[in-house]
Amino acid sequence: MSESDDLPPLSAETAPLYAALAVDGALDEAMMDRLAEFMAADPSLVTLYDAMIAQDDALPGALAGVAAAPMPLSLAAAAAAGTPAAAGDGAPEAAAANRNVRPARWSNGLAAIIGMLFAAGLGSIIAYQAGRDTAEVEIAAATGWVAQVAQYHKVYAQEGRHLVEVPASDIEHIRTWLSNRVGRPVAVPDFSDAGFEFAGARLLVAGGRPVAQLMYTQAGGTPVGYCIIASAGDDTDVALGEREGLGFARWREGEAGHIVIGEEAPELLSRLADAARSGVEI
């Protein structure tokens, strides 16, 4: 979706609306780049964006019980009866047509209301996060960038010649380049004991923040990625999980979030995470 598709212009006031559309994957590449510029200048927008992604990921599980519950008899009866049509000749046809009508453009009043709702929503999200215990907050904070890294990895892992931006032969440049971009030291761990060879690196973006992705390949298998993002907070132990059909091992250390991600079994991903944490580099 572009800015011309019946949306108010992208600005500091409407950026939360565009962030919500980005979570739904409704923005085109040009608008995502513009939104990233607003995120870089507004940390609260990054907080809102990450919280939206965490909430989006959590909703299916949170609503699972509701979806499985039987429909109340009164609601079932109402659904079976259908919605009464408006009075007047040709009402059924008119009602059907009206369901497909979308306003040609946003009114100033509607845009203002949406801005106020998102402003209120940001406060609610922050208040909600503050009331949760530490473990839940850590999980929610990690969910957003883990999900985005998983989406990137699914695409790039299919590449051969273009698997990385900078090849392993330029390893010293990779260390300097990515450390400067992430704002934290980026080491290149040695995964050779597990049968993986360092292939090179590329730069990703998650929640408007740079992410270093180091790619490793194996004979007859799929690539594994090791990703680093700046993330202030206490160090954490390795936690295993799954996103987008991929397994991952994540932890926080040295004011940075770390992920090892790929199609491998949890035991192997945990082993690679231990290798990354050992400090042994190529």
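In the block above lies the structure referred to throughout.
Just so it is clear, the model here is predicted, and its values are computed rather than measured.

**Side note on the overall build of the protein chain**
Right, so step 1: Regarding its fold elements, the protein chain presents 10 helices and seven strands.
Right, so step 2: Within the protein chain, the proportion of its 282 residues that are buried is 34%.
Right, so step 3: Within the protein chain, contacts between residues at least 6 apart in sequence are counted, and of these 60% link residues at least 24 apart.

**Some words on the environment of alanine 201**
Right, so step 1: With respect to the helices and strands, the residue alanine 201 is situated in strand β2 (residues 197–206).
Right, so step 2: For alanine 201, a relative accessible area of 0% puts it in the buried group.
Right, so step 3: Taking the C-alpha atoms as reference points, alanine 201 and aspartate 170, 31 residues apart in sequence, are found 9.6 Å from one another.
Right, so step 4: Those residues within four positions of alanine 201 in sequence are excluded, and the remaining contacts are Val164, Glu165, Val166, Ile174, Trp177, Leu178, Gln213 and Leu214.

**Notes on unusual backbone geometry**
Right, so step 1: Of note, the phi angle at glutamate 244 is positive, near 55°, even though the residue is not glycine.
Right, so step 2: By secondary structure assignment, the location of glutamate 244 is in the loop between β5 (239–243) and β6 (246–252).
Right, so step 3: Taking the relative accessible area as the measure of exposure, glutamate 244 reaches 37% and is therefore partly exposed.
Right, so step 4: Unusually for a residue other than glycine, glutamate 255 sits at a positive phi of about 55°.

**Quick notes on helix α1 (residues 15–23)**
Right, so step 1: Within α1, eight of the nine residues are buried, which leaves it mostly tucked inside the rest of the structure.
Right, so step 2: Within the sequence span of α1, burial applies to Ala15, Pro16, Leu17, Tyr18, Ala19, Ala20, Leu21 and Ala22.
Right, so step 3: The first or second residue beyond α1 is glycine 25, which carries a positive phi of 70°.

**What about the pairing of β2?**
Right, so step 1: Direction of pairing for strand β1 (residues 166–167) relative to β2: antiparallel, over a ladder of two bridges. Bridge assignment links valine 166 to a residue of β2, and that residue is alanine 201.
Right, so step 2: Here β2 hands over to strand β3 (residues 209–217) after two residues, with glycine 207 in that stretch at a positive phi of 60°.

**Concerning the packing of α1 against helix α2 (residues 29–41)**
Right, so step 1: Where α1 meets α2, the axes come as close as 10 Å, and the angle between the chain directions of the two elements is 130°. Comparing their axes, α2 and α1 come out oblique. Between α1 and α2 lies a crossing of left-handed hand. Contacts from Ala15, Tyr18, Ala19 and Ala22 of α1 reach α2 at Met31, Met32, Leu35, Phe38 and Met39.

**Concerning the sheet that holds β1**
Right, so step 1: Spatial strand order, β1-β2-β3-β4-β7-β6-β5: seven strands in an open sheet with antiparallel pairing. Each of the sheet's edge strands pairs with one partner strand only, and the pair in question is β1 and β5.
Right, so step 2: Where β6 and strand β7 (residues 256–262) come together, six bridges link them in antiparallel fashion. Bridging across to β7, phenylalanine 248 finds its partner in isoleucine 261.
Right, so step 3: The sheet strands contacting helix α9 (residues 171–182) are β1, β2, β3 and β4 (224–230), and the helix crosses β2 at an angle near 20°.
Right, so step 4: Packing against the sheet, helix α10 (residues 266–277) makes contact with β4, β5, β6 and β7, and its axis sits at approximately 30° to β6.

**Describing the packing of aromatic side chains**
Aromatic ring pairs are described here by two measures, namely the spacing of the ring centres and the angle between the planes.
Right, so step 1: Enumeration over the complete set of coordinates arrives at five aromatic pairs.
Right, so step 2: Residues phenylalanine 191 and tyrosine 216 carry aromatic rings whose centres are separated by 4.3 Å and whose planes lie at 35° to one another, so their mutual orientation is tilted. In this pair, phenylalanine 191 sits in the loop between α9 and β2 while tyrosine 216 sits in strand β3, placing the two residues 25 residues apart along the sequence.
Right, so step 3: By relative accessible area, tyrosine 216 is classed as buried at 0%.
Right, so step 4: Each member of the aromatic cluster is reached from another via a ring pair, and the members are Phe191, Phe198, Tyr216, Tyr226 and Trp251.

Analysis parameters
- Residues numbered from 1 in each chain as written.
- Predicted model: local features only at pLDDT ≥ 70, side-chain atom pairs only at ≥ 80, totals over all residues.
- Heavy atoms only, no water.
- Helix = DSSP H or I, 4+ residues; strand = E, 2+ residues; numbered from the N terminus.
- Buried < 20%, exposed > 50% of the residue type's maximum accessible area, 1.4 Å probe, protein only.
- Contact = heavy atoms within 4.5 Å.
- Pairing = 2+ DSSP bridges.
- Axes fitted to C-alpha atoms, helices over the stretch in contact; angles between N-to-C directions.
- Parallel < 35°, antiparallel > 145°, perpendicular 65-115°, else oblique.
- Left-handed = near helix turned anticlockwise from the far one by under 90°.
- Phe/Tyr/Trp six-rings, centres within 6.5 Å; stacked < 30°, edge-to-face > 60°.

Read these as layout, nothing more, since geometry by itself doesn't imply function.
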